[in-house]
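Chain by chain, the residues run as shown.
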Amino acid sequence: MEDKYFTIVMLIERLHRLFLDVVKAEVDRHQFTDINNVQCLILYNVGKSKMSVGEVTNRGYYLGSNVTYNLKKLVENGYLHQEQSPHDRRSSQVWLTEKGLKLFDHLSEMIKRHVQNLSRNNIEEKDLQHLLSTMENLENFWSFMVSRELRF
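Residues numbered from 1 in each chain as written. Predicted model: local features only at pLDDT ≥ 70, side-chain atom pairs only at ≥ 80, totals over all residues. Heavy atoms only, no water.

### What about a nonpolar patch on the surface?
- Taken together, the side chains of Ile-123, Leu-128, Leu-131 and Met-135 make up a nonpolar region of the molecular surface, amounting to roughly 310 Å² of accessible area.
- One can find Leu-131 in helix α6 (residues 125-147).
- Take Leu-131: its relative accessible area is 47%, and that puts it in the partly exposed class. (Patch = residues over 30% accessible without salt bridge, like charges linked within 9 Å, V, L, I, M, F, W, Y side chains within 5 Å. Areas by Shrake-Rupley, 256 points an atom, 1.4 Å probe, with all protein chains shown as cover. Salt bridge = Lys/Arg side-chain N within 4 Å of Asp/Glu carboxyl O. Helix = DSSP H or I, 4+ residues; strand = E, 2+ residues; numbered from the N terminus. Buried < 20%, exposed > 50% of the residue type's maximum accessible area, 1.4 Å probe, protein only.)

This is the structure:
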């Protein structure tokens with residue numbers, strides 16, 4: 001069981017990196033040359049909402065990245081608007097620009113294509129539901145372990 005557990009942990013990381021490669025290929029195909037794959041995930045997580053920088057950070061895991069730096073690049077390259085809170089100068093909100101919305105739409109279409117093709121690869125909705133449940137259980141388990149300072 002230990003081997004399977006560790007293999008799963010490594011597979012999670014590998015799958016995340018592979019998905020980043022898929023996102024990069026999509027971005028390249030549509031000739032968005034001023035954004036990287038991690039920034040695309042951040043942009044997609046912002047979606048059509050207006051949210052605080054803290055919410056963006058907490059909403060996703062952006063492999064090996066500094067969210068604040070990437071948000072700054074997204075603003076500089078015209079994908080996001082950013083506005084400081086008038087009540088708290090340490091807080092700001094971000095939302096997609098027209099350019100950001102265009103890329104968001106491409107990424108949404110990519111995900112829809114993937115979902116449509118899952119069944120061709122013997123992945124059914126029930127499989128995804130089971131996997132999601134298992135992943136959430138792992139997340140809860142690891143969160144508990146961290147909160148207990150890894151005391152078994």
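### Regarding the pattern of salt bridges
- Throughout the structure, instances matching the rule amount to 11 salt bridges.
- The partner of Arg-17 in a salt bridge is Glu-13, and the shortest N-O contact between them spans 3.2 Å. On the criterion of helical spacing, the pair formed by Arg-17 and Glu-13 is a turn pair, its members being 4 residues apart in helix α1 (residues 2-29).
- You can call Glu-13 partly exposed: its relative accessible area is 33%.
- Among the salt bridges present, the one from Asp-105 reaches Lys-48, with a minimum N-O distance of 3.9 Å. Here the residue Asp-105 occupies a position in helix α5 (residues 98-118), and Lys-48 occupies one in the loop between α2 (37-46) and β1 (51-52), the gap between them amounting to 57 residues.

### Digging into the layout of surface pockets
- Volume-wise, the largest pocket comes out at about 2000 Å³.
- Lining the largest pocket are 36 residues, and of these Leu-15, His-16, Phe-19, Leu-131 and Met-135 sit closest to its centre.
- Counting only elements with at least two residues in the lining of the largest pocket, the list comes to α1, α2, α5 and α6.
- Considering every element that reaches the lining of the largest pocket, the biggest residue donor is α1, with 11 residues.
- Classifying every residue of the lining of the largest pocket gives 26 nonpolar, 6 polar and 4 charged. (1 Å grid on protein atoms, 1.4 Å probe; cavity = no way out; pocket = protein on both sides within 12 Å on 5 of 7 lines; lining within 4 Å. Points joined across faces, edges and corners; volume = space filled by probe spheres on them. Nonpolar A, V, L, I, M, F, W, Y, C, P; charged D, E, K, R; others polar.)

The values reported here are purely geometric and, on their own, carry no functional implication.
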